[in-house]
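Per-entry structural report
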Amino acid sequence: MTAAITDAAHVVDAASVMGLLPTRPRLLALGEPTHGEDVLLDVRNDLFRQLVEREGYRTIALESDCLMGLLVDDYVTSGAGTLDEVMERGLSHGFGASAANRELVRWMRAYNDGRPVSERLRFAGFDGPLEITGAASPRQALTALHAYLTAWVDADLLPCTTETLDRLLGVGDRWTNSAAMMDPSQSVGQTPQAKQLRLLADDLVALLDTQTPHLIAASSPDAWDRARMYGRTATGLLRYHFWMADTSPSRITRLCALRDSMMAANLLAIAERGPALVHAHNGHLQRDKSTMRMGGRPVEWWSAGAIVSAQLGEGYAVMATALGTIRHHGVRTPPPDTVEGLLYALPEDRYVVDARRLAAIVGDVTPVPRVSPWFGYSPLDPAHLASNDAIVFVKDAPAGQAWWPVA
């Protein structure tokens, strides 16, 4: 079996990856089984450079706050701000601490310098303004959408004034109270003010849609596209806050599903620009349902990748990454009867293999699921091998490159 897997393994480069796919996808997703290991991001960076130089890819999208990501995009496209500023304020979830992420942003800015707009690389965050402890206030997205519409459409078409939005939004910390994640009674998402804001946000998005021809011509396609993102984010956040106040047993399932739905909407918008490399946790990019247990209850929902794949078909391709060891977190040499163990037996440090061919090689002897001693690492599910287009394998994660100890 090892010999057969060796024959199916290839160097991780753009040519090998594209050779495993029936067509060049608009969204090529590269997952990771854990956050915080720069060796995985180094693989991503190398692949992105090759996709840019050889395959015409122009965008990279990361599992980071879509609003914060605008700062990074402005920096790499026009040089606005400084590298230090965008690493501090342009990436969420602590991702700005990564040396590999910093190198990615630095390289994108250097690549764009002096190039025409049509050839410049773009950066996007595709997560909502969400953390595991809660959700952001809808203020930034809602007021930015309102300001855009105020600048370009007749005042009498607007459903409300800035003062109305400000009054209904109130102080920011009422929205970001971390206690609301576990205690629905602490959420403001179903207050009369929040319900009125949901209606107004819906009306603002409808106005944006109905004025599309005028807005694209009067402002610019990029400004209009950014306003669409404000609209998606405002309505998504208000919906998320509404269900944070829910007391039913399906509350957590709905919140997980809403987050991935927001991710999927952002990815579909990114796909409209042209081909992009997408990088996030395997669980957000897989075609299968995501699962976890919270409070002793199973939680299942469709991932962003599953939603996007259903709509784009061959326009979406996904490569899950498998990792051999993370010794600094107690994840040692994988058992030989796991997927990771089979891949670890090969001599190379990193390679890519056709996932469906790998599933056929293991045949009826389905590998056993690997059990991680560390909660921050998610091994591959052997039952889901064939639903990936490829598996990228990295043998070891060096301790010296770890930058984020929380998954």
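Just above, that's the structure.
The paragraphs below set out a description of the structure included in this document. The structure presented is a predicted model; accordingly, all values stated were derived computationally and were not measured.

Strand pairing within a sheet occurs via backbone hydrogen bonds; the two strands may be parallel or antiparallel. Strand order in the open sheet formed by 8 strands is E1-E11-E12-E10-E2-E7-E3-E4, with mixed pairing between adjacent strands. Each having just a single partner strand, strand E1 (9-10) and strand E4 (122-127) make up the two edges of the open sheet. Bridge count between E1 and strand E11 (residues 350-354): 2 bridges; the pairing is antiparallel. Residue pairing in the sheet places His10 in a bridge with Val352 of E11. The strands that helix H4 (residues 69-78) touches are strand E3 (59-65) and E4; relative to E4, the one it contacts most, it runs at about 170 degrees. With respect to the sheet, helix H12 (residues 251-271) is in contact with strand E2 (27-32), E3, E4 and strand E7 (276-281), its orientation differing from that of E4 by roughly 155 degrees.

Grouped together as the largest cluster of nonpolar side chains are 46 residues, with contacts concentrated most on Leu28, Phe48 and Met108. If you tally residues by element for this core, the top one is helix H3 (residues 38-55), at 7 residues. Residues within four places of Leu28 in sequence aside, it is in contact with Val17, Met18, Leu21, Leu51, Tyr57, Ala276, Leu277, Val278, Ala317 and Met319. Counting residues in each nonpolar core, the second largest holds 30 residues, with Cys66, Leu158, Leu169 and Met229 among its members.

In this section: H4. For H4, the tally of buried residues reaches 7 of 10 residues, placing the bulk of the element in the interior. Along H4, the residues that are buried comprise Gly69, Leu70, Val72, Asp73, Tyr75, Val76 and Thr77. Tucked inside the fold, the buried residues of H4 contact E3, helix H5 (83-89), helix H6 (99-112), E4 and helix H11 (221-244). Gly79 sits one or two residues past H4 and shows a positive phi near 85 degrees.

Take empty space enclosed by the protein next. One pass over the structure, following the stated rule, counts 3 cavities of 30 Å³ or more. Volume-wise, the largest cavity comes out at about 80 Å³. Lining the largest cavity are 11 residues, and of these Glu32, Leu41, Arg44, Phe95 and His279 lie nearest its centre. Every element with two or more residues in the lining of the largest cavity is listed here: H3, E3 and E7. Volume-wise, the second largest cavity comes out at about 40 Å³. If you go around the second largest cavity, the residues you meet are Leu30, Gly31, Leu40, Val43, His279, Thr321, Val392 and Val394. For the lining of the second largest cavity, the elements supplying multiple residues, two or more each, are E2, H3 and strand E12 (390-396). Residues belonging to the lining of the second largest cavity are distributed by class as follows: 5 nonpolar, 3 polar and no charged.

Looking now at the pattern of salt bridges. Applying the stated criterion across every chain yields a total of 16 salt bridges. A salt bridge links Asp73 to Arg122; its shortest N-O distance comes to 2.8 Å. With Asp73 in helix H4 and Arg122 in strand E4, the pair connects residues that are 49 residues apart, well separated along the chain. Just as Asp73 is buried, Arg122 falls in that class too. The shortest N-O distance in the salt bridge between Arg109 and Asp113 comes to 3.7 Å. Since its relative accessible area comes to 18%, Arg109 is described here as buried.

By secondary structure assignment, the location of Thr77 is in helix H4. A distance of 3.4 Å separates the side chain of Thr77 from the backbone oxygen of Asp74, its partner in a polar contact.

Rules and cut-offs
- Residues numbered from 1 in each chain as written.
- Predicted model: local features only at pLDDT ≥ 70, side-chain atom pairs only at ≥ 80, totals over all residues.
- Heavy atoms only, no water.
- Pairing = 2+ DSSP bridges.
- Helix = DSSP H or I, 4+ residues; strand = E, 2+ residues; numbered from the N terminus.
- Contact = heavy atoms within 4.5 Å.
- Axes fitted to C-alpha atoms, helices over the stretch in contact; angles between N-to-C directions.
- Core = buried A, V, L, I, M, F, W, Y, C linked by side-chain atoms within 4.5 Å.
- Buried < 20%, exposed > 50% of the residue type's maximum accessible area, 1.4 Å probe, protein only.
- 1 Å grid on protein atoms, 1.4 Å probe; cavity = no way out; pocket = protein on both sides within 12 Å on 5 of 7 lines; lining within 4 Å.
- Points joined across faces, edges and corners; volume = space filled by probe spheres on them.
- Nonpolar A, V, L, I, M, F, W, Y, C, P; charged D, E, K, R; others polar.
- Salt bridge = Lys/Arg side-chain N within 4 Å of Asp/Glu carboxyl O.
- Polar contact = N/O pair within 3.5 Å; in protein donor to acceptor, adjacent residues only side chain to side chain.

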